[in-house]
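Observations on the three-dimensional arrangement
Now for the letters of each chain:
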Amino acid sequence: MEMEQKTPLYERHVAAGGKIVPFAGWLLPVQYSGVIAEHKAVRSACGLFDVSHMGELVLRGADALANVNRLMTNDFSGMYEGQARYSPMCYEDGGVVDDLIVYKVSDTVYFIVVNAANKDKDAAWIREHLTGDCAMEDWSDRVAQLALQGPRAEEILRKLTSDIPEKNYSAVLRGTVKGMACMVSRTGYTGEDGFELYCAPADAPALWDALLEAGEPFGLIPCGLGARDTLRLEAAMPLYSHELSPAINPYEAVLGIFVKLEKPDFIGKAALEQARPISRRRVGLKITGRGIAREECPVYDGEKQIGVVTSGTHCPWLGQAVAMAMVDVAYKEPGTVVQVDVRGRKVEAEVVKTPFYKRA
């Protein structure tokens, strides 16, 4: 069995009392002060996450854009340098290889951020399907990634740099933060305003320290994987292998807005053209009975199973147990009452609009 890898910030996590767990082949902090405290800090002030386990791939060449457009369901034409765009990447049958973010660096260079657990699979898939003048480089070992998330993120970052992207899903490609070279992206996975900072692994500890010091007066604290998951669930953001998988297509995951069938061609297009109307779809559930719905809990209408929970927890900010579930499309309307089997006990729930939480 392969040994778990350590990010460049591993020693910082241990020194700060982070509870280390294995995740996607890495040793990462699940929490420091506690999931609830960390979750609430991100909603009310700011949190700092180590997301250096994420994968980074670079497509380079005269045909880079054509390849990105063939590999992804979204359309990457007409982007400006530094712009970011989210997209599923599909198999021929419309199932999802991964969901990722693509940055345009130049007309011939695209920077792709992929999920840690899928990095090798994604790299192999992309390499196998490249055509023309285009090569792929795996930059994952050359890049550390920190996420500064919360309503006070911009104030904190302004103490260390003026290289701050104004628009969401855009980046300052060649910025500096306290003298360290960084790509500064206005993106995140928490439902809050915030930034993801990409730097050389050797600079990551100093960047981490600088951010925590600058953020201390604003309530910034380090946060772990636990809060990252509760925050993304509260914001109803899909997680690969839960709301997305080779067995779930983008329409079922309610990501149809990122599928551009008007493009000339992309991998999975023919299957996705035939994929609607869908028979099941992702919905949000508010647990109205007593209990917490977890992944793989069956969802019922009386005695009839109509779906399964894909992610579920008690959300600290909302003070409410919620879940996302894949259910029969007949049950998609908000207000629909269903039951979730929680350890052999049927607990009442109601289909609600997502996201569960939306920042003001």
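Let me begin by describing the structure that accompanies this report. (Residues numbered from 1 in each chain as written. Predicted model: local features only at pLDDT ≥ 70, side-chain atom pairs only at ≥ 80, totals over all residues. Heavy atoms only, no water.)

**Quick word on the overall build of the protein**
- Of regular secondary structure, the protein possesses eight helices and 20 strands.
- A compact globule built from 360 residues should have a C-alpha radius of gyration of about 21 Å, and the protein, at 20 Å, falls within 12% of that.
- Principal axes of the C-alpha set define a box for the protein whose edges measure 60 × 50 × 45 Å.
- Per-residue burial for the protein yields a buried fraction of 56% across its 360 residues.
- Put simply, 65% of the contacts in the protein that link residues at least 6 apart link residues at least 24 apart.
- Roughly 15400 Å² of accessible area belongs to the protein as shown, and the carbon and sulfur atoms make up 51% of that amount.
- The centroid of the 40 positive side-chain charges in the protein is displaced by 5 Å from the centroid of its 48 negative side-chain charges. (Helix = DSSP H or I, 4+ residues; strand = E, 2+ residues; numbered from the N terminus. Rg over C-alpha atoms; globule rule 2.2 N^0.38 Å. Buried < 20%, exposed > 50% of the residue type's maximum accessible area, 1.4 Å probe, protein only. Contact = heavy atoms within 4.5 Å. Areas by Shrake-Rupley, 256 points an atom, 1.4 Å probe, with all protein chains shown as cover. Lys, Arg positive; Asp, Glu negative; His and termini not counted. Charge placed at Lys NZ, Arg CZ, Asp CG, Glu CD.)

**Observations concerning the sheet that holds strand β8 (residues 109-114)**
- A sheet is described by the order of its strands in space; here five strands give the open sequence β6-β7-β8-β5-β9, paired in antiparallel fashion. Strands at the two margins of the open sheet, each flanked by one partner only, are β6 (84-90) and β9 (135-138). Across the sheet, the mean angle separating the axes of adjacent strands is 30 degrees when strand polarity is ignored.
- Strand direction decides the pairing type here: strand β5 (residues 55-60) and β9, joined by four bridges, are antiparallel. (Pairing = 2+ DSSP bridges. Axes fitted to C-alpha atoms, helices over the stretch in contact; angles between N-to-C directions.)

**Brief notes about the pairing of β6**
- Of all seven residues that make up β6, six are buried, and the element is covered over most of its length.
- Taking the residues that link successive antiparallel strands as the turn, the β6-strand β7 (residues 96-106) hairpin has five residues, and the phi of G94 there is positive, at about 90 degrees.

**Describing the pattern of salt bridges**
- Evaluated as defined, the whole model comprises 16 salt bridges.
- A salt bridge links R43 to E192; the nearest nitrogen and oxygen atoms lie 3.0 Å apart. One end of the pair, R43, is in helix α2 (residues 35-44); the other, E192, is in the loop between β12 (180-185) and β13 (194-199), with 149 residues separating them in the sequence.
- In this structure E192 comes out as buried when scored by relative accessible area, which is 10%.
- When the shortest N-O distance is used, the salt bridge between E333 and K332 registers 2.7 Å.
- On the basis of relative accessible area, E333 is assigned to the partly exposed category, the value being 44%.
- Accessibility expressed as a relative area gives 32% for K332, which makes it partly exposed. (Salt bridge = Lys/Arg side-chain N within 4 Å of Asp/Glu carboxyl O.)

**Some words on the side chain of T336**
- Tracing the backbone shows T336 in the loop between β18 (320-328) and β19 (337-342).
- At 2.6 Å, the side chain of T336 and the backbone oxygen of E333 are in polar contact. (Polar contact = N/O pair within 3.5 Å; in protein donor to acceptor, adjacent residues only side chain to side chain.)

**As for the sheet that holds strand β1 (residues 5-6)**
- If you trace the three strands from one edge of the open sheet to the other, you get β1-β3-β2, paired in mixed fashion. Strand pairing shows two members of the sheet lacking a second neighbour, β1 and β2 (19-23), which therefore form its edges.
- As defined by bridge partners, β2 adjoins strand β3 (residues 26-31) across five bridges and the pair is classed as antiparallel. Along β3, the bridge assignment pairs F23 with W26.
- Those strands touched by helix α7 (residues 225-234) are β2 and β3, and its axis lies near 70 degrees from that of β3.

**Considering the nonpolar core**
- Counting residues in hydrophobic clusters, the biggest one holds 36 residues, and the most contacted among them are F49, Y103, F111, M183, Y198, L244 and L272.
- Listing elements by their share of this core, those giving two or more residues are β6, β7, β8, β11 (171-177) and α7.
- Among the elements that line this core, the one with the most residues is β7, at four residues.
- Judged by nonpolar contacts, the second largest core, of 27 residues, contains L9, W208, L211 and F218. (Core = buried A, V, L, I, M, F, W, Y, C linked by side-chain atoms within 4.5 Å.)

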